Amino acid sequence: QVQLVESGGGLVQPGGSLRLSCAASGSIFSIYTMGWYRQAPGNERELVARITSGDSTNYADSVKGRFTISRGNAKNTVYLQMNSLKPEDTAVYYCNSDLRTIVPGSRSSYWGQGTQVTVSS
């Protein structure tokens, strides 16, 4: 069994910063990618940022230059540093990982429970 646990959401004023964290645990053999998606009310879930096992990154155009994704030393943790936040960044942010388990040895995509980010004055 695999778990992704997020933390770090909250309420912040426009122009402020937040840092999201996500830790993957369980029967993990190999992690291929870790990333962050978000979903605002009435909208589809969209990719925010993703990082591969080789540390390649990609970002949504709307967050380039403001958000930075990185991995922890243990490689099973991913962070999203969000600066210059805007009201349109308000959403539930979900951690995602494409990984292979030890048992039963399959490759699948896993999701965290989500953390609310609200940008408002």
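Scroll up a little and you will see the structure.
Each value, and the rule that gives it
- Residues numbered from 1 in each chain as written.
- Predicted model: local features only at pLDDT ≥ 70, side-chain atom pairs only at ≥ 80, totals over all residues.
- Heavy atoms only, no water.
- Phe/Tyr/Trp six-rings, centres within 6.5 Å; stacked < 30°, edge-to-face > 60°.
- Helix = DSSP H or I, 4+ residues; strand = E, 2+ residues; numbered from the N terminus.
- Lys NZ or Arg CZ within 6 Å of the ring centre and 35° of its normal.
- Salt bridge = Lys/Arg side-chain N within 4 Å of Asp/Glu carboxyl O.
- Buried < 20%, exposed > 50% of the residue type's maximum accessible area, 1.4 Å probe, protein only.
- Disulfide = S-S within 2.5 Å.

(A) Structural view of the packing of aromatic side chains. Summed over all chains, the structure comprises 1 aromatic pair. Taken together, a centroid distance of 5.0 Å and an interplanar angle of 65 degrees make the contact between Tyr 37 and Trp 111 edge-to-face. Of this pair, Tyr 37 sits in strand E4 (residues 28–39) while Trp 111 sits in strand E10 (residues 107–111), and the two are 74 residues apart along the sequence. Over the ring of Trp 111 we find Arg 45; its NZ or CZ atom is 4.6 Å from the centre of that ring. Over the face of the ring belonging to Tyr 32 we find Arg 107, whose NZ or CZ atom lies 3.7 Å from the ring centre.

(B) Quick look at the pattern of salt bridges. Summed over all chains, the structure comprises 6 salt bridges. Measuring nitrogen to oxygen at the nearest pair gives 3.1 Å for the salt bridge that ties Lys 64 to Asp 61. Given a relative accessible area of 64%, Asp 61 falls into the exposed group. A salt bridge links Asp 89 to Arg 66; the nearest nitrogen and oxygen atoms lie 2.8 Å apart. Here the residue Asp 89 occupies a position in the loop between strand E8 (77–82) and strand E9 (91–101), and Arg 66 occupies one in the loop between strand E6 (57–59) and strand E7 (67–71), the gap between them amounting to 23 residues. The pair Asp 89 / Arg 66 is uniform in exposure class, with both members buried. A single salt-bridge network, built from bridges that share partners, covers Arg 38, Glu 46, Arg 66 and Asp 89.

(C) Focus on the state of the cysteines. Evaluated as defined, the whole model comprises 1 disulfide. The side chain of Cys 22 participates in a disulfide bridge whose partner is Cys 95; the two sulfur atoms lie 2.0 Å from each other. Across the S-S bond linking Cys 22 and Cys 95, the dihedral sits near -85 degrees, which makes this disulfide left-handed. In this pair, Cys 22 is assigned in strand E3 (residues 18–26) and Cys 95 in strand E9, connecting sequence segments 73 residues apart. Taken individually, Cys 22 and Cys 95 each receive the classification buried, so the pair is uniform in this respect.

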